[in-house]
Each structure stands twice: as structure tokens, then as C-alpha cells.
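Okay, here's what each chain looks like letter by letter:
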Amino acid sequence: MTDTTDASHATDASGTAAAGDATDVAAVTDTAGASGAPLIPRPPRPGDASRADELAALFPALHAPQYWTWGRYDAQFSTVLPPDELVTNIHLVGFTDGDRVVLCRDDQNHWFLPGGTREHNESVDSCLVRELREEAGARLLGAPVWLGAHRCVTDDPVPYRPWQPHPEKAWLWGWADVAVDSVPTNPDDGEQVVEVRAVTPDEARRLLLDGHEAWWGELIALAVELRSRPR
């Protein structure tokens, strides 16, 4: 579930695909190669600063300062990952059937990337597994690779949820290979997904830009770019 009031292979929410067991990310080898290691934060690696500068130049709209009116957030994207305690939301560019991107459409005809808000005392990996199943009927085929995060500061007097950090928080973005082998569970307190569709990256950008700002297209492009690089 997302804390916003704005978020050839298709699975309709009323389909009959058999449900698969959710993958436990902690049991999947992470990008550093240590099975079960914490997903975030990780120590800086040599070259992180120059890599961040390179990606900021390649994707200027994504890295530009933003204001999210729905939550009164000043937001700034960075490929430098935030500390775990600031992460309140996790979203995924999920690749399936080769290089197709998984998108969800809700009952307001709004397309979005699966993901949402961490529950109280929920880990990042558990949140991602849960949100993929709830919104996309999908499961991870490997550990997520984190693209970066939006660091956000709000002038709202209280947090969105009582247990969340305030006034600063972070939205974490990643990519991973996934299998869409079930249907969204659509809990009552989440977006009601009516369609899950796997599309080309170009089509994903087109659908997301209908109602979103330009940086959403660059987020998809960043995922495609980093997925193509050796890790």
C-alpha cells in the first residue's frame, strides 16, 4: 500500500492463475554475494561518488529537486542509499519475460510500479515480498538491486503513520527479475488493482508518464541502464 493519493503478458485481477509461494528475500543471495545479509544500508564502495555523478548527468529530471504536493514533501533522488531507519516506502521495477516491465493499474485507471509502505517493525525485504504479492501477484526470482532513493522532508506536523520517521523519510527504488504467477490479493487498505501488465520499457514509460512527472520515465530508464551493467 502506498501513502500517496496521487501510484503481450497481462493478468487481470479476476484471473485464475495458480498462486505461487512468496519468495523470502532473506533467503536470496544479495548483490554483495552474502546470503541473508541486510539489504540496506551497505558501506560505500570505491567509485560510488563518481558513479552517482555520472547517473545524475544521465538522468537530470530524476535527480532534480522535487515537491510532492500530496504529502507536502521536498524530495531529492540520489543513488546513495539511505539508512534503513529512514526507509518508509519500497517500490520495484520488476522485469519479467526477458526485459518486460511489470505495471499495475488500479480502479481509478492509474498505472504504477508495485510497492508501498512498510508496516510497523517490517523489514525492507518482507515489505517488498508482501507488496509484490498484494499488488502484482508476483514473486522475486532474485535479490533486488537498489537503484537509489528519494530523501523527503515534509512540513506536515505529524507522520503519515505514527511509527514512521518524521519529518524526514526515504522512498527506496529497486529493480529485480520477477515472476507474475498469481493475481493481486488486493487488501482492503490498499490500491484496488484491476490489471497487471508486462510491457516494454518504452511502453512502461509512456503509461507512467500519463499522470506522472517526467522523472518517472527516467526511473525506468535508470533501471534498464543499471540492469545492463555488470554487478
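Residues numbered from 1 in each chain as written. Predicted model: local features only at pLDDT ≥ 70, side-chain atom pairs only at ≥ 80, totals over all residues. Heavy atoms only, no water.

A. Examining the packing of helix H4 (residues 201-209) against helix H5 (residues 215-227) more closely. Viewed as axis vectors pointing N to C, H4 and H5 meet at an angle of 155°, and their least axial separation amounts to 8 Å. The orientation of H4 with respect to H5, classified from their angle, is roughly antiparallel. By crossing handedness, the relation of H4 to H5 is classed as right-handed. In this structure, H4 contributes Pro201, Arg205, Leu208 and Leu209 to the contact, and H5 contributes Trp216, Gly217, Ile220, Ala221 and Val224. Residues belonging to the contact of H4 with H5 are distributed by class as follows: seven nonpolar, one polar and one charged. (Axes fitted to C-alpha atoms, helices over the stretch in contact; angles between N-to-C directions. Helix = DSSP H or I, 4+ residues; strand = E, 2+ residues; numbered from the N terminus. Parallel < 35°, antiparallel > 145°, perpendicular 65-115°, else oblique. Left-handed = near helix turned anticlockwise from the far one by under 90°. Contact = heavy atoms within 4.5 Å. Nonpolar A, V, L, I, M, F, W, Y, C, P; charged D, E, K, R; others polar.)

B. Region of interest: the pattern of salt bridges. Under the definition given, this model contains 17 salt bridges. The closest approach of N and O atoms between Asp181 and Arg133, which form a salt bridge, is 3.4 Å. Taken together, the residues Asp181 in the loop between strand E10 (168-180) and strand E11 (193-199) and Arg133 in helix H3 (residues 124-136) connect sequence positions 48 residues apart. Arg133 shares its class with Asp181; the two are buried. Here Asp202 and Arg205 are joined by a salt bridge, their closest N and O atoms 2.0 Å apart. Here the residue Asp202 and the residue Arg205 both occupy positions in helix H4, the gap between them amounting to three residues, near one helical turn. You can call Asp202 exposed: its relative accessible area is 53%. One network of salt bridges, with partners in common, ties together Glu122, Arg130, Glu131 and Glu134. (Salt bridge = Lys/Arg side-chain N within 4 Å of Asp/Glu carboxyl O. Buried < 20%, exposed > 50% of the residue type's maximum accessible area, 1.4 Å probe, protein only.)

C. Representation of the environment of Lys169 within the structure. Here Lys169 shows up in strand E10. Along the chain, Lys169 and Ala75 lie 94 residues apart, while their C-alpha atoms are 9.5 Å from each other. A distance of 3.0 Å separates polar atoms of two side chains, one belonging to Lys169 and the other to Tyr73. (Polar contact = N/O pair within 3.5 Å; in protein donor to acceptor, adjacent residues only side chain to side chain.)

D. Quick peek at the nonpolar core. Grouped together as the largest cluster of nonpolar side chains are 30 residues, with contacts concentrated most on Val93, Leu103, Leu113, Leu147 and Trp173. Counting residues per element, the ones that place at least two in this core are strand E3 (73-78), strand E4 (87-96), strand E5 (100-106), strand E9 (145-154), E10, H4 and H5. Ranked by the residues each element gives to this core, the list is headed by H5, at seven residues. In this structure Leu147 touches Phe77, Thr79, Val93, Trp173, Gly174, Trp175, Leu219, Leu222, Ala223 and Leu226, once residues within four positions along its chain are discounted. One finds Leu132, Val178, Val193 and Val196 within the second-largest nonpolar core, a separate group that totals 25 residues. (Core = buried A, V, L, I, M, F, W, Y, C linked by side-chain atoms within 4.5 Å.)

E. Representation of the packing of aromatic side chains in the model. The full count for this structure, using the stated rule, is 10 aromatic pairs. Between Trp68 and Trp215 the ring centres are 6.1 Å apart and the planes differ by 15°, which places this aromatic pair in the stacked class. Of this pair, Trp68 sits in strand E2 (residues 66-68) while Trp215 sits in helix H5, and the two are 147 residues apart along the sequence. Counting every residue linked through ring pairs, the aromatic cluster contains Trp68, Trp70, Tyr73, Trp171, Trp173, Trp215 and Trp216. (Phe/Tyr/Trp six-rings, centres within 6.5 Å; stacked < 30°, edge-to-face > 60°.)

F. Spatial organisation of the confidence of the model for the protein chain. Here the protein chain averages 85 in pLDDT, while 80% of its residues score no lower than 70. Residue range residues 4-38 is modelled with pLDDT below 50. Its contacts to residues more than four positions away, or to other chains, number 77 contacts. (pLDDT = per-residue confidence, 0-100.)

G. Region of interest: helix H1 (residues 48-58). Where H1 is concerned, the buried positions are Asp48, Ala52 and Leu55. All buried residues of H1 lie within an arc of 70° about the axis, which places them on one face of the element. Opposite the packed face of H1, turned more than 90 degrees from it, sit the exposed residues Ala49, Asp53 and Ala57. Contacts made by the buried residues of H1 are with helix H2 (60-63) and H5. (Arc of directions from axis to C-beta.)

H. Highlighting the side chain of Glu135. As for its placement among the helices and strands, Glu135 is situated in helix H3. It is Arg130 that comes nearest to the buried, bridge-free Glu135 among opposite-charge side chains, at 7.5 Å. A distance of 2.9 Å separates the side chain of Glu135 from the backbone nitrogen of Gly115, its partner in a polar contact. (Lys, Arg positive; Asp, Glu negative; His and termini not counted.)

I. Seen up close, the side chain of Thr79. You can see Thr79 is positioned in the loop between E3 and E4. Given a relative accessible area of 7%, Thr79 falls into the buried group. Once residues within four sequence positions are removed from consideration, Thr79 is found in contact with Arg51, Ala52, Leu55, His63, Leu147 and Gly148.

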